[in-house]
Amino acid sequence: MKKPFYLTTTLPYVNASPHVGFALEMVQADCLVRYWALQGVDVFFNTGTDEHGQKLFEAAQKADMEVQKYVDQYAEQFRSLKEKLNLSANLHFIRTTDPHHVVAAQEMWKRCLKNGDIEKRVYKGLYCVGDEAFIKESELVDGKCPNHPTMDLIELEEENYFFLLSKYQKKLLEYLSQPGVVVPEWRRKEAINFVESGLEDFSISRVKEKMSWGIPVPDDDMQVMYVWFDALTNYISTLDWPNEEGNFKKYWVDGVTYQMAGKDQVRFQSIMWQGMLMSAGIPTTQHILYHGFITSGGQKMSKSIGNVIDPIAVAEEYGIDALRFFLLRHIHPTEDSDFTIERFKEAYNADLANGLGNLVARVMQLAQTHLTVDLVKEIPSTLQSSILRATVYTDYISSLNNYEFDRALISIWSYIQELDQKITETAPFKVVKTDLEAGQRMIHDLVQGLYMIADMIGPVMPTTSELIKQAVVSNTKPINMFARKE
RNA sequence: CGCGGGGUAGAGCAGGAGUAGCUCGUCAGGCUCAUAACCUGAAGGUCGUAGGUGCAAUUCCUACCCCCGCAACCA
């Protein structure tokens, strides 16, 4: 019996529509979940939305809306990604405004408090009256607020609760000393460096009077939790924690735990969150996978440059599977990568239209013409075909086991090329005219290869995979799967 | 001396001590089962710069140059 797996994405903050970077995270996660599920693993798959905090509070005020209604709107956009990106059916979606999450966050607080890791202190910071907010030092422009360069910043103090992260320096270093807790490996070293350079305690609450949109601090009416403390707790509240039995025990305590996040999240996910878990006496996360960022035209995406890629629009024009394919094949799993429509179209035409789509068409045309349904019946159960070069499958497996989506797909596509070559070299369409049986055997082999491809691309392109399998089983050439785009 | 990633054919990338590889693009052939697709071949690179260690370096070491992130309360 395989251990159950748990995998969560980060929860996006709902101050904007889903962007392509989150689509990447979601699709990577979904690919792993589907891959594991195919191997018979019981997987708990989590995502959701982070809905508290000052920025949302202000945004709602600007929009002249009730905060809850404001976040409801955005939450729905993220929830609908399940259909728009064709994510696994078992995906759990948690909102940090869900009542049971609120309870969990407060319980997390109490545990950390009880363990002596939360204490009240004076928070000193530079406060901009124009923004009515603290400005962090790295944001300063010539010592002034970037939004209000003519105004002087005032030093302001307020009482906040602090999480004593510094107490966990040693334990965090022990945690980070385990290979695999942070992927890629060089980011683990980065995290170790960061912890070794010293950890600061963090403010984890805000004065309610100034900003009420947050989870109330237990036993203190004057303060609400600062978002990150609240939001991080979702990873276990989604498992019904603080109920220690059931899903929490099954997946978090006894299972194999995975988180996915963007590269900017290392200190939140691998350091603060792990510190919180340690404080609360809960097992730490076993593997956290960090993807890179997506640029467009070599620059950060921004509305003013006009290089923003809307993943939903791409999916609508080219198909969900095409988007999923591009994100997994042409975006590096862990490094930054570039995404432009030009590159996307190039990959679409080369890999999907001319590659996979065309191969399906030529093989299934041969099959439909020269084979019968009876002849292909046994195909799904006989995947160990002689036509499959053994290394294709083993490369595919080992790549996915290392979260190297791009390599897994490269290996499948090299096989597609092999089949194209084989058709040209052995010319079954010719052989069939002089020796029907020999030709049929060749075509049968090709169909088997096609089925194998369908199997392997399942986690990446679920719909395409199904269409190919159906075509094989019904011995029918399907309509163009990926029409060329000019 | 802050930390990390990277600089390889026109473009995008892989590789990693011992005839430099892939995709797209270009050029020339071939095939006709296929989505004007597919197959074969060719042109195109002194692998950022300068040193060093090797019988041998693009691959290791050192220095430097350039690009990109990060440098914590941004969710």
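Not measured: the values here are computed from a predicted model.

Participant: Quick rundown of the pattern of salt bridges? Include the residues and the values.
Facilitator: As enumerated under the stated definition, the model contains 24 salt bridges in all. Between R324 and D30 there is a salt bridge; the shortest N-O distance is 2.8 Å. Here D30 lies in helix α1 (residues 20–38) and R324 lies in helix α13 (residues 320–329), a separation of 294 residues in the sequence. A relative accessible area of 0% places D30 in the buried class. The partner of R188 in a salt bridge is E185, with the nearest N and O atoms 2.5 Å apart. Of the two residues, R188 and E185 both sit in helix α7 (residues 185–196), 3 residues apart, roughly one turn of that helix. Taking the relative accessible area as the measure of exposure, R188 reaches 9% and is therefore buried. Residue E185 is classed as partly exposed on the basis of its relative accessible area of 33%.

Participant: Outline empty space enclosed by the protein, listing residues and values.
Facilitator: Think of a ball as big as a water molecule: rolled over the atoms, this probe shows where empty space is left. In this structure the tally under the stated criterion is 2 cavities of 30 Å³ or more. Roughly 60 Å³ of internal volume is contained in the largest cavity. The wall of the largest cavity is formed by Q28, V183, P184, M260, L289, Y290, P333, T334, Y403 and F405. Partitioning the lining of the largest cavity into residue classes produces 8 nonpolar, 2 polar and no charged. Considering only enclosed or pocket space, the second largest cavity measures out at about 50 Å³ in volume. Residue lining of the second largest cavity: F22, M26, T47, G48, F78, R79, L81, K82, L87, L91 and F93, and that is the complete set. Of all the elements in the fold, those that place two or more residues in the lining of the second largest cavity are α1, β2 (43–49), α3 (67–79), α4 (81–84) and β3 (91–95). The residue makeup of the lining of the second largest cavity, split by class, is 7 nonpolar, 2 polar and 2 charged.

Participant: Could you give an account of the side chain of T10, with specific residues and numbers?
Facilitator: Here T10 lies in the loop between β1 (5–8) and α1. The contact partners of T10, leaving out residues within four places of it in the chain, are F22, E25, T47, Y235, M260, A261, Q265 and Q269.

Participant: An account of the sheet that holds strand β7 (residues 182–183) is needed here, citing residue identities and associated values.
Facilitator: Read across the sheet, 6 strands follow the order β3-β2-β1-β11-β12-β7 without closing on themselves; strand pairing throughout is parallel. Whereas interior strands pair on both sides, the edge strands pair on one side only; in this sheet they are β3 and β7. Across 4 bridges, the pairing between β1 and strand β11 (residues 256–262) is parallel. Opposite Y6, over in β11, you have T257 as the bridge partner.

Participant: Quick one: what's the story with the domain arrangement of chain A, residue by residue and with numbers?
Facilitator: By the assigned domains, chain A splits into domain 1 (5–291) and domain 2 (340–474). Summarising the inter-unit geometry, the C-alpha centres of domain 1 and domain 2 are found 43 Å apart. Contact between domain 1 and domain 2 buries roughly 1,000 Å² in total, counting both sides, with carbon and sulfur atoms accounting for 72%. Linking domain 1 with domain 2 are 3 residue pairs in polar contact (both at pLDDT 80 or more), by the criterion used here. Contributing elements (two or more residues each) for the side of domain 1 that touches domain 2: α1 and β12 (287–291). No other element matches the 6 residues that α1 contributes to the side of domain 1 that touches domain 2. Here the side of domain 1 that touches domain 2 is built from residues that sort into 7 nonpolar, 4 polar and 1 charged.

Participant: Could you give me a rundown of the packing of helix α17 (residues 405–426) against helix α19 (residues 436–457), with the residues and numbers involved?
Facilitator: Running from N to C, α17 and α19 cross one another at 170°; their axes reach a closest spacing of 11 Å. Regarding the angle of α17 to α19, the classification is roughly antiparallel. Crossing of α17 over α19 shows left-handed handedness. When α17 is examined against α19, the residues I412, W413, Y415, I416, L419, I423 and T426 are found in contact with a partner set consisting of M442, L446, G449, L450, I453, M456 and I457.

The rules behind these values
- Residues numbered from 1 in each chain as written.
- Chains lettered and ligands numbered in written order.
- Predicted model: local features only at pLDDT ≥ 70, side-chain atom pairs only at ≥ 80, totals over all residues.
- Heavy atoms only, no water.
- Salt bridge = Lys/Arg side-chain N within 4 Å of Asp/Glu carboxyl O.
- Helix = DSSP H or I, 4+ residues; strand = E, 2+ residues; numbered from the N terminus.
- Buried < 20%, exposed > 50% of the residue type's maximum accessible area, 1.4 Å probe, protein only.
- 1 Å grid on protein atoms, 1.4 Å probe; cavity = no way out; pocket = protein on both sides within 12 Å on 5 of 7 lines; lining within 4 Å.
- Points joined across faces, edges and corners; volume = space filled by probe spheres on them.
- Nonpolar A, V, L, I, M, F, W, Y, C, P; charged D, E, K, R; others polar.
- Contact = heavy atoms within 4.5 Å.
- Pairing = 2+ DSSP bridges.
- Domains from an automatic or database assignment.
- Buried area = accessible area lost by both parts, 1.4 Å probe.
- Polar contact = N/O pair within 3.5 Å; in protein donor to acceptor, adjacent residues only side chain to side chain.
- Axes fitted to C-alpha atoms, helices over the stretch in contact; angles between N-to-C directions.
- Parallel < 35°, antiparallel > 145°, perpendicular 65-115°, else oblique.
- Left-handed = near helix turned anticlockwise from the far one by under 90°.

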